[in-house]
2 protein chains.
Amino acid sequence: MATNTPDYELYYWPTIQGRGEFVRLILEAAGAAYRDVGREPDGPAAIQEVLEGLEGRQPPAFAPPVLKADGATYAQTANICQLLGRRHGLAGQSDRDLYRVNQLQLTVHDCLTEAHDTHHPISVAEYYEDQREAAARRAAFFVEERIPKFVGHFDEVLSYTDGPFLLGDSLSYGDLSLFQLLEGLNYAFPEAFRRATEARDHLPALRAGVADVEGVAEYLESDRRIPFNEKGIFRHYPELDLSG
Amino acid sequence: MATNTPDYELYYWPTIQGRGEFVRLILEAAGAAYRDVGREPDGPAAIQEVLEGLEGRQPPAFAPPVLKADGATYAQTANICQLLGRRHGLAGQSDRDLYRVNQLQLTVHDCLTEAHDTHHPISVAEYYEDQREAAARRAAFFVEERIPKFVGHFDEVLSYTDGPFLLGDSLSYGDLSLFQLLEGLNYAFPEAFRRATEARDHLPALRAGVADVEGVAEYLESDRRIPFNEKGIFRHYPELDLSG
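Basis of the calculations
As a convention, each chain's residues are numbered from 1 in the sequence order in which they are written. Lettering for chains starts from A, numbering for ligands starts from 1, and both go in the order in which the items are written. Side-chain atom pairs in this predicted model are given and counted only at pLDDT of 80 or more, local residue features only at pLDDT of at least 70, and totals for whole chains, interfaces and linings cover all residues. Water and hydrogen atoms play no part in the side-chain values, which are based on all heavy atoms of the structure. Aromatic pairs are defined between Phe, Tyr and Trp rings, using the six-membered ring for Trp, whenever the two ring centres lie within 6.5 Å; interplanar angles under 30 degrees are classed as stacked, those over 60 as edge-to-face, and all others as tilted. Put simply, DSSP marks the helices as runs of H or I at least four residues long and the strands as runs of E at least two long, and each gets a number from the N terminus on. Note on exposure labels: buried denotes an accessible area under 20% of the residue type's maximum, exposed denotes more than 50%, and partly exposed covers the range between, all computed with a 1.4 Å probe on protein chains only. Charge-over-ring contacts are defined here by two conditions on Lys NZ or Arg CZ: a distance within 6 Å of the ring centre and an angle within 35 degrees of the ring normal. Any two strands with at least two DSSP-identified bridges between them are counted as paired. By definition, pLDDT measures how confident the predictor is in each residue, and it falls between 0 and 100. Least-squares fitting of one copy onto the other uses the C-alpha atoms of those residues that reach a pLDDT of at least 70 in both copies. A contact between two residues is defined here by any heavy atoms of the two lying within 4.5 Å. Only one rule defines a salt bridge in this text: a Lys or Arg side-chain nitrogen within 4 Å of an Asp or Glu carboxyl oxygen. Here the quantity called buried area is the accessible surface, traced with a 1.4 Å probe, that two parts lose on coming together, added over both. By the criterion applied in these results, polar contacts are pairs of N or O atoms within 3.5 Å in which, for protein atoms, one can donate a hydrogen and the other can accept it, and in which residues neighboring in sequence qualify only through two side-chain atoms. In the scheme used here, Gly and all other residues not listed as nonpolar or charged are polar, with Ala, Val, Leu, Ile, Met, Phe, Trp, Tyr, Cys and Pro taken as nonpolar and Asp, Glu, Lys and Arg as charged. The criterion for a disulfide is a pair of cysteine sulfur atoms lying within 2.5 Å.

(A) Seen up close, the packing of aromatic side chains. Counted by the stated rule, this structure contains 14 aromatic pairs over all chains. Taking the centre distance of 6.2 Å and the plane angle of 25 degrees together, the rings of Phe150 of chain A and Phe154 of chain A count as stacked. Of this pair, Phe150 of chain A and Phe154 of chain A both sit in helix H5 (residues 132-158), 4 residues apart, roughly one helical turn. Summarising the aromatic geometry, the rings of Phe228 of chain B and Phe234 of chain B are spaced 6.1 Å apart at their centres and angled 85 degrees between planes, so their arrangement reads as edge-to-face. Overall, Phe234 of chain B belongs to the buried group, its relative accessible area being 4%. Looking at Lys149 of chain A, its charged tip hangs above the ring of Phe62 of chain B, at a distance of 5.0 Å from the centre.

Laid out in structure tokens, this is it:
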């Protein structure tokens, strides 16, 4: 929830879910008080300022999202997620749990980067329309080979507990991130996702379990949840999906 | 050093530095006892077995490297590096240090992924020779825009201490990883790297400082250090570099 006395400030682009959404989901699941600074009127300028390192007092960040907490800034999505997960009891009970959650988180990010590169295989400085031929080839490999491989891996990892979550019945931030990835794949590549998941038992339980977490359920219904769209990481270009 | 009573087992492809090298550098800098299982006679079979989850007793890993420690397996390079860094006093003194090192580590991995994709922009299942046209376009963007941006960022981050390392005069595992990235960029894209670094003060000090760490210096001279080659992540294809 966004309040007037926030513990955190999130700096991320205002019009897309993108990588910021992995941070938002943890904040919302934890019921943490935060400002979504990038979505405020001066958001883009504030993002630029925080990237450059808070007026020279802190090292710069390479890219958003950036989280400000206790006067310090933290960047890299998986790093921010780990910080928030540990602080809010969403990273398991032991170091072994922590590394297991982090391992899942980083595998989610690998798939996320590949999903992004289906529409931008050449350069983020060029439009999709100017790299469509390469995009078609890269996307074909992604929907035919990589989505089944990633999805199968995640389902198998979840099979090692009684579920519905990575660590069993205790929610971790890795579950939130896997949920977001699955939602995004389903949005962008519905046919490939349907085929890759139709024989999978554990992923539907994970998705339902996360969507049912109190803070998450409320968030997903709110206008704080930016809809998926074709400016973000997960873009629904039917020509890049498997044909139905 | 590899000994007969190892604390760790590393599982990674035997013929390339690749992502395994980030793990090796920490083990060597820490003077830890480890087996480099992938390079033993039955290495490839052992890698396959550990990926599949140690006979069903542990969740599978998506890809190498995998580290076995205390009977558990850990995957994802940045995750393994964090584990080893924390255990061997190479992750700073505080949580803030830990997140700062992890942030650097993850930014190194972002650049690493982009470096890999210069020669494989379409699919890892196809040869470079079958995706040369897309590779030429992706590499042009990488050497013209991305190398200068990443290198400039790393140099600026290092400027926030008296150096030579991220946290000042105390080595962290992030320094080892940044060193490896810089070595790789210099190997694969010597002209682009030369231009991007010629006005940078802090990166040469970081490279010299890491190369001078006792365990690292000894390792780099040993036959345990696999030379860079055109099967790995950093490949020297002159046609992908800037022209001199």
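(B) Representation of the pairing of strand E3 (residues 66-69) of chain A within the structure. Residues and elements named next belong to chain A. With 4 bridges joining them, strand E1 (residues 8-11) and E3 adopt antiparallel strand pairing. The partner of Leu10 across the bridge, within E3, is Leu67. As defined by bridge partners, E3 adjoins strand E4 (residues 72-75) across 4 bridges and the pair is classed as antiparallel. Within E4, the residue paired with Ala69 across the bridge is Ala72. Hairpin connection of E3 to E4: 2 residues between the antiparallel strands, including Asp70 at a positive phi of 55 degrees.

(C) Spotlight on the confidence of the model for chain A. For chain A, per-residue confidence averages 95 on the pLDDT scale, and residues scoring 70 or more make up 97% of the total. What the predictor reports for the complex is a pTM of 0.97 with an ipTM of 0.96.

(D) Structural context of helix H1 (residues 20-30) of chain B. For H1 of chain B, the tally of buried residues reaches 9 of 11 residues, placing the bulk of the element in the interior. The set of residues buried in H1 of chain B consists of Gly20, Glu21, Phe22, Val23, Arg24, Leu25, Ile26, Leu27 and Glu28 of chain B.

(E) Layout of the relation of the copies chain A and chain B. For the pair chain A and chain B, the best superposition has an RMSD of 0.0 Å and corresponds to a rotation of 180 degrees with a translation of 0.0 Å parallel to the axis. Accordingly, the operation relating the two chain copies is best matched by a two-fold axis. When C-alpha distances to the rotation axis are compared across chain A, the minimum falls at Pro121 of chain A, with a value of 3.0 Å. Here 100% of the contact residues of chain A are again contact residues in chain B; the copies associate through an equivalent surface.

(F) Expanded view of the pattern of salt bridges. Residue and element names in this part refer to chain A. Per the counting criterion, the structure on display carries 38 salt bridges over all chains. One salt bridge in this structure joins Arg224 and Glu28, with 2.9 Å as the shortest N-O distance. You can see Arg224 sitting in the segment after helix H9 (214-221) and its partner Glu28 sitting in helix H1 (residues 20-29), a full 196 residues away along the chain. Here Glu114 makes a salt bridge to Arg146, at a shortest N to O gap of 2.8 Å.

(G) The interface of chain A and chain B, seen in detail. Facing the 51 residues of chain A at the interface are 52 residues of chain B. Together, the buried faces of chain A and chain B total about 4,400 Å²; carbon and sulfur atoms form 55% of this surface. For chain A, the biggest contributors to the area lost against chain B are Phe62, Tyr99 and Ile122 of chain A; these three give 18% of the whole. Summed over the shared surface of chain A and chain B, the number is 6 salt bridges. Across the contact surface, chain A and chain B share 25 residue pairs in polar contact (both at pLDDT 80 or more). Going through the elements one at a time, E4, helix H3 (77-87), helix H4 (95-119) and H5 of chain A are the ones with two or more residues in the side of chain A that touches chain B. Looking at the side of chain A that touches chain B, the element that brings in the most residues is H4 of chain A, giving 12 residues. Residue composition of the side of chain A that touches chain B, grouped by class: 21 nonpolar, 14 polar and 16 charged.

(H) Representation of the state of the cysteines within the structure. Residues and elements named next belong to chain A. Tallying each qualifying case throughout the model produces 0 disulfides over all chains. Among the cysteines around Cys81, which has no disulfide bond, Cys111 carries the closest sulfur, lying 16 Å off. Judged by its relative accessible area of 0%, Cys81 is buried.

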